[in-house]
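Each chain, written out:
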Amino acid sequence: MQDAELFVSLAEIAGIFVGFGALISIRSGSTSDEYEMTMIRMIVWFGIMVIVAALAPVIISHYGVTGHALWVACSLTFLVLWWGGTTLMERLNPER
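Figured I'd write up the structure that's included with this text. (Residues numbered from 1 in each chain as written. Predicted model: local features only at pLDDT ≥ 70, side-chain atom pairs only at ≥ 80, totals over all residues. Heavy atoms only, no water.)

The contact between helix α2 (residues 34-61) and helix α3 (residues 67-92) brings their axes to 9 Å, and the two run at 165°. Comparing their axes, α3 and α2 come out roughly antiparallel. Every pair of crossing elements has a handedness; the one defined by α2 and α3 is right-handed. Facing α2, whose interface residues are T38, R41, M42, W45, F46, M49, V52, A53, A56, P57, I60 and S61, α3 presents L70, W71, A73, C74, T77, F78, L81, W82, G85, M89 and L92. Across the contact of α2 with α3, the residue classes tally to 18 nonpolar, four polar and one charged. (Axes fitted to C-alpha atoms, helices over the stretch in contact; angles between N-to-C directions. Helix = DSSP H or I, 4+ residues; strand = E, 2+ residues; numbered from the N terminus. Parallel < 35°, antiparallel > 145°, perpendicular 65-115°, else oblique. Left-handed = near helix turned anticlockwise from the far one by under 90°. Contact = heavy atoms within 4.5 Å. Nonpolar A, V, L, I, M, F, W, Y, C, P; charged D, E, K, R; others polar.)

The structure is reproduced here in structure tokens:
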């Protein structure tokens, strides 16, 4: 894959921003509310989805999948993560 370096760099940047953002949010001391903690969990989950979505084409292309099949596999990976994360966040929502 010719743009592998770009995808890996995107995953690194997303990981750094999400990690430090969550650390600062939790350590600020104002996150005692359960709703705020759920929102931080959601942001971290979206960051993890960005990291996986950026690395999926690189990882799947190492198995010889190219072209349209590569992007279908990556899209399905992201879709499963999206559905799983949405379901998980709905169950952890303190307002229900």
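What follows picks up the thread again.
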